[in-house]
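Secondary and tertiary structure notes
Chain by chain, the residues:
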There are 8 protein chains.
Amino acid sequence: MSQTAPTVGIVMGSDSDWPFMQDAATALQEFDVAFEADVVSAHRMPHEMIAYGSEAAERGLKVIIAGAGGAAHLPGMLASVTPLPVIGVPVPLKYLDGMDSLLSIVQMPAGVPVATVAVGAARNAGLLAVRVLAAHDADLRERMTEFQAELKEQAHAKGERLRR
Amino acid sequence: MSQTAPTVGIVMGSDSDWPFMQDAATALQEFDVAFEADVVSAHRMPHEMIAYGSEAAERGLKVIIAGAGGAAHLPGMLASVTPLPVIGVPVPLKYLDGMDSLLSIVQMPAGVPVATVAVGAARNAGLLAVRVLAAHDADLRERMTEFQAELKEQAHAKGERLRR
Amino acid sequence: MSQTAPTVGIVMGSDSDWPFMQDAATALQEFDVAFEADVVSAHRMPHEMIAYGSEAAERGLKVIIAGAGGAAHLPGMLASVTPLPVIGVPVPLKYLDGMDSLLSIVQMPAGVPVATVAVGAARNAGLLAVRVLAAHDADLRERMTEFQAELKEQAHAKGERLRR
Amino acid sequence: MSQTAPTVGIVMGSDSDWPFMQDAATALQEFDVAFEADVVSAHRMPHEMIAYGSEAAERGLKVIIAGAGGAAHLPGMLASVTPLPVIGVPVPLKYLDGMDSLLSIVQMPAGVPVATVAVGAARNAGLLAVRVLAAHDADLRERMTEFQAELKEQAHAKGERLRR
Amino acid sequence: MSQTAPTVGIVMGSDSDWPFMQDAATALQEFDVAFEADVVSAHRMPHEMIAYGSEAAERGLKVIIAGAGGAAHLPGMLASVTPLPVIGVPVPLKYLDGMDSLLSIVQMPAGVPVATVAVGAARNAGLLAVRVLAAHDADLRERMTEFQAELKEQAHAKGERLRR
Amino acid sequence: MSQTAPTVGIVMGSDSDWPFMQDAATALQEFDVAFEADVVSAHRMPHEMIAYGSEAAERGLKVIIAGAGGAAHLPGMLASVTPLPVIGVPVPLKYLDGMDSLLSIVQMPAGVPVATVAVGAARNAGLLAVRVLAAHDADLRERMTEFQAELKEQAHAKGERLRR
Amino acid sequence: MSQTAPTVGIVMGSDSDWPFMQDAATALQEFDVAFEADVVSAHRMPHEMIAYGSEAAERGLKVIIAGAGGAAHLPGMLASVTPLPVIGVPVPLKYLDGMDSLLSIVQMPAGVPVATVAVGAARNAGLLAVRVLAAHDADLRERMTEFQAELKEQAHAKGERLRR
Amino acid sequence: MSQTAPTVGIVMGSDSDWPFMQDAATALQEFDVAFEADVVSAHRMPHEMIAYGSEAAERGLKVIIAGAGGAAHLPGMLASVTPLPVIGVPVPLKYLDGMDSLLSIVQMPAGVPVATVAVGAARNAGLLAVRVLAAHDADLRERMTEFQAELKEQAHAKGERLRR
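Here is what the cut-offs are and how they apply
Residues numbered from 1 in each chain as written. Chains lettered and ligands numbered in written order. Predicted model: local features only at pLDDT ≥ 70, side-chain atom pairs only at ≥ 80, totals over all residues. Heavy atoms only, no water. Contact = heavy atoms within 4.5 Å. Buried area = accessible area lost by both parts, 1.4 Å probe. Polar contact = N/O pair within 3.5 Å; in protein donor to acceptor, adjacent residues only side chain to side chain. Helix = DSSP H or I, 4+ residues; strand = E, 2+ residues; numbered from the N terminus. 1 Å grid on protein atoms, 1.4 Å probe; cavity = no way out; pocket = protein on both sides within 12 Å on 5 of 7 lines; lining within 4 Å. Points joined across faces, edges and corners; volume = space filled by probe spheres on them. Least-squares fit on C-alpha atoms with pLDDT ≥ 70 in both. Buried < 20%, exposed > 50% of the residue type's maximum accessible area, 1.4 Å probe, protein only. Nonpolar A, V, L, I, M, F, W, Y, C, P; charged D, E, K, R; others polar. Salt bridge = Lys/Arg side-chain N within 4 Å of Asp/Glu carboxyl O. Arc of directions from axis to C-beta. Pairing = 2+ DSSP bridges. Right-handed = clockwise from strand over helix to strand, strands pointing away.

1. Notes on the interface of chain A and chain H
Between chain A and chain H, the contact holds 41 residues from the first and 41 residues from the second. Between chain A and chain H, a total of about 3,400 Å² is buried, with carbon and sulfur atoms accounting for 62% of that surface. The largest contributions to the chain A side of the interface with chain H come from Pro83, Pro113 and Arg131 of chain A, which together make up 20% of the buried area. Across the contact surface, chain A and chain H share 22 residue pairs in polar contact (both at pLDDT 80 or more). Among the secondary structure elements, those contributing two or more residues to the side of chain A that touches chain H are α3 (74-81), α4 (99-106), β5 (115-116), α5 (122-134) and α6 (138-163) of chain A. The element best represented in the side of chain A that touches chain H is α5 of chain A, accounting for seven residues.

2. Considering the layout of surface pockets
Approximately 1,300 Å³ is the volume found for the largest pocket. Met99 of chain A, Met99 of chain B, Met99 of chain C, Met99 of chain E together with Met99 of chain G are, among the 34 residues lining the largest pocket, the residues nearest its centre. Contributions of two or more residues to the lining of the largest pocket are made by α4 of chain A, α4 (99-106) of chain B, α4 (99-106) of chain C, α4 (99-106) of chain D, α4 (99-106) of chain E, α4 (99-106) of chain F, α4 (99-106) of chain G together with α4 (99-106) of chain H.

3. A look at the relation of the copies chain A and chain C
Of the transformation superimposing chain A on chain C, the axial component is 0.0 Å and the angular component is 90°, with the fit at an RMSD of 0.0 Å. In symmetry terms, the pair is related by a four-fold rotation axis. Mapped onto chain C, only 7% of the interface residues of chain A again fall at the interface, so the copies present different surfaces.

4. Side note on the side chain of threonine 116 of chain E
Inspection of the secondary structure puts threonine 116 of chain E in strand β5 (residues 115-116). Judged by relative accessible area, which is 0%, threonine 116 of chain E ranks as buried. Beyond its immediate stretch of four places on either side in the chain, threonine 116 of chain E contacts Val106, Val114, Ala115 and Thr116 of chain D together with Gly88, Pro90, Leu102, Ile105 and Val106 of chain E.

5. A closer look at empty space enclosed by the protein
Tallied over the entire structure, the rule returns four cavities of 30 Å³ or more. Looking at the largest cavity, its volume works out to about 60 Å³. In this structure, the largest cavity is lined by Pro85, Val86, Ile87, Ala115, Leu128 and Val132 of chain B together with Val63, Pro85, Ile87, Ala115, Leu128 and Val132 of chain C. If you list the elements that add at least two residues to the lining of the largest cavity, you get β4 (86-91) and α5 (122-134) of chain B together with α5 (122-134) of chain C. Taken together, the residues of the lining of the largest cavity break down into 12 nonpolar, no polar and no charged.

6. A word on the pattern of salt bridges
Evaluation of the coordinates by the stated rule reveals 56 salt bridges over all chains. A salt bridge links aspartate 38 of chain B to arginine 163 of chain H; the nearest nitrogen and oxygen atoms lie 2.2 Å apart. Taken together, the residues span two chains, with aspartate 38 of chain B in strand β2 (residues 35-39) and arginine 163 of chain H in helix α6 (residues 138-163). A salt bridge links arginine 161 of chain B to aspartate 15 of chain D; the shortest N-O distance between them is 3.1 Å. With arginine 161 of chain B in helix α6 (residues 138-163) and aspartate 15 of chain D in the loop between β1 (8-12) and α1 (18-30), the pair connects residues from two separate chains. Owing to a relative accessible area of 47%, arginine 161 of chain B belongs among the partly exposed residues under this scheme. Connected via shared salt-bridge partners are Asp38 of chain A together with Glu160 and Arg163 of chain C.

7. Some words on the relation of the copies chain A and chain H
Take chain A, turn it by 180°, move it 0.0 Å along the axis, and it overlays chain H with an RMSD of 0.0 Å. Taken together, the turn and the small shift mark the pair as related by a two-fold rotation axis.

8. Section: helix α2 (residues 46-56) of chain C
For α2 of chain C, the set of buried residues is Pro46, Met49, Ile50, Tyr52, Gly53 and Ala56 of chain C. For α2 of chain C, the buried positions fall inside an angular range of 160° around the axis, keeping them on one side. Elements that come into contact with the buried residues of α2 of chain C comprise β1 (8-12), β2 (35-39), β3 (63-69) and α3 (74-81) of chain C together with α2 (46-56) and α3 (74-81) of chain D.

9. Brief notes about the pairing of strand β4 (residues 86-91) of chain D
All names here are of chain D. Of all the six residues making up β4, six are buried; the element is thus mostly covered by neighbouring parts of the structure. Burial of the side chains of β4 extends over both faces: Val86, Gly88 and Pro90 are buried on one face and Ile87, Val89 and Val91 on the other. Here six bridges tie strand β3 (residues 63-69) to β4, and the two strands are oriented parallel to one another. Paired with glycine 69 across the bridge in β4 is valine 91. Since β3 and β4 lie parallel, the crossover through α3 that links them has a hand, and here it is right-handed. What joins β4 to strand β5 (residues 115-116) is α4, and the crossover it makes is right-handed.

Next comes the structure, spelled out in structure tokens:
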């Protein structure tokens, strides 16, 4: 994915989640944040999942982004074996519009938080990871501020078209 | 709990779930099914949880009953590391009436089923475990049939009082 | 369906449920579990439904898988007349995304459990039936363990493609 | 309950539903409609439940009122074995505020309708039964019209107090 | 619609509801029940709506079937001005899957019941109207019993195809 | 209630809604807006309800505030017979937390809007009525601006206590 | 948009909401109400959003219509900085059918009301704005009454086609 | 609150949220993280709220924790004016069990993420803030790892009591 050592790990239960999750990767690339992406299934490869989480910090990762759908256990299980912040992306399945995914991820018990974003909001997961990194990186924080200014410009331009 | 080797394991994320989960134990006792009960938290002791599930079958368990609330990952994670049938009990938390618990347990992905019962229905989890054991035990099946006949008698008696 | 005496009965309220329910059959075939499939409607043929449930155990069935949608009464009604474990599959209808089916199946009263799987998850119903049978069949349990290892291999391979 | 032959049957899964269901009885008494009340559990006495429904019409009943909670199968199962109109009352359980009861009763498949009233609305079930009887009874229809006039008077009086 | 004086009135808020509501008409035709169909909007023609309900009984109607979607007020408002039984059909709109329609119709206050059927279930509304009429018409009751027998035959035939 | 001719009408289906609805009255009093309060039930006095709405504008009312619960038809029905803005307050009932009330009020069809406020938010209904009046009354608008400044002061003071 | 000074401001978070929101503009045009339309994003241009709301009254606006989806903060934030009535339109997103948008807009805290209309109901937002203006404009009120009469005529005509 | 310059800001819309939000403070204290707490209401003091967010980073804060209920706009609005990570705590109100709060906070549009925790889970918000800080602080990360080990010990001890 990227050449420098990755600071963000993007994981998902199946490669079928990639069309959703790649928006997280794109957001990270826009900020030149090095990342890795992998399939780490809580239910199909539980031992590897536990290992992934347990080793993430010592491997140099600063943030984990985990996407999952339905009874979505991946973000919460990773959070239980790492001290790093874990960002959960509720992936919507065919039924229930992602409400099951959202509740399975966000409703974590006291002691083990998961930073949850909107249903299907992988791009925001990437941006949240950037903010976490930026909390200790003035340059990155500056770029996030510029990014927010660009959002404003784009919104302005859209209003321009509407007002004409 | 019981002297003969347990065939059913009742586990929960915290001993605060015991008031809910002991109904499962009571149901098993009514059918003289030996069981064990333990706190096995997916989020607070993930390695032990994985170990519990991985060793359950070889330790002689035939069924696992797991209760959990909120982002309830225990039943599904156990199901991912054991070939045994896992029965999930959605424990209701203070908010959302157990809907989060229910969806977190029942909406498992293809490949890893959890046999889910009603919100707070630990007694039914115990009775379902008995049915699973009874599938290969004519005596136990006979007792379940008798139990169902008793349910009928009790319902009859209630109608009697109402009709008077 | 299969030549040896069936140990699993797959029933549904209408043949229009078959596209959903045949995934249960496929899962059983993968484990060489003999099964039968039939239309047994709680609302359109209640007497036959009661008869099916009442005779299932003596006919040699060990597990019943029942799929139904909307006000889904089939799994629960069968569970009330058999001592066997009944697995309920909530079939989603055109509206409400299967939430009505799920609640109608899972929220059974104390005394009569139904082992409920995810909305539309007929494959998992088949796999759960295999686990129930495997609880007393070391060979089948071994095959379930192998199946789980294969799930892991497949997930691994998917990650491989993603990591490249 | 009443001396003349009952024309309405009020049934429920357990006598614990009686505190809810007796409002139906009270409404019928206000209109001098003879009724019977009984415990008829779909899940605990399925054969008797089927028999109750099958014989209701020939026993002279014109309407059946059935209350049930959770996976509420009683109204729908009765409707499947009688040609009479069946009125379903969703009884709320401890969790989910009766939403499970409502969906389990109202979402019946094509062919077998249940006339569903509001969650916990046993009084309205009684009044609906009166309306069904009144459809062919000019006297009763007149009394229902008077009853509606009284509702108006009471509402008026309440406004009076508020306006003062 | 039919030549003899109609005994059932089918009304809806807009002719755009007709594709849903005509299933009610078809069901009534199968039982040779005379009916009328009309657009009677609670929100667009409130005075006419009140008049329709107020005059329904004296015009010879025995049952009113009312379909409405969203904030569905038609069935409940008609029920408030007629002593006849009113059957409400929750018509699903583009969003919310008919849950708004269902709650707006079924959750009527004490005193004014609406006999509610499933979301979009106009056919069942027609069949429920037949049952109401059949409560005092032995012939019609007999035909409903035959209809139920046919449902059974059809379900049987479907099973036949599945078993082959 | 107030001596000058009322410009706001506060109506509700029953005086049991008054404990909720009087917050609307209090808000109006704080702004010296003259109002009237009455019981106007859509389901128990439909003709009077229609009359109330039809005559409201010519009687000098500028805004109607209507509170109702469950299948809450009062706000929408009033909106259908008056050209005035109608503000709907979803009153929560014992079950379903006011979700039925909210959807019954807010989901009005195209052509007949209801200005809906939060579940149980009668105070905000009063304040919204003031804003509607203030749209054409510079004095009242000034007072609303002052009111908002006071809200800020109060919030400030609360922060003060927290910061100490 | 219109030449006379606008009295209604229609704002939305993105021009992608315009297909929804233009129905509000159309409704205003039908009543010859001058309006302006703009993109004012709570999250992408917060300072401009605050400015827009703060200056709206002195710029001559009487009503603000704000459409937003998901975590929809625009209507409520505008209401917090203007004394004018703010009408909120819940725009449905890809998932959750607008339920998130509805709750984010309607559930405002005491002190700051938003007049909420149905999910996607921009046309009704426009009509509600007309009613607010009409509260102090006899001519406009007359036209709203005529508009309601036309709605009746159209509904009548639809019934005509159905009755034939 | 604490003497060293605060790195975490805990804000809420009213001091009535403090009983919920102080669990965040307690968690931070356990890890010796300096914080400040304040009332910053999106709806009652919007300008101050914008100022708080805009200045947070330059004032030295690294993370903002914002709690809000109902139409909960505080976390999202702060996120729109700061490049820092914002953690949102859905505070449950009297009705709807915090579902409105949750959706209002988590469903943020692309570009402006909020790290959402469970309904009422202020403690987890505090722990998530610690994890964010720990991403760049090996000592703090070590303490989080120890904290997780303690959670395990406590869970173990609870199991001990259960097993006896």
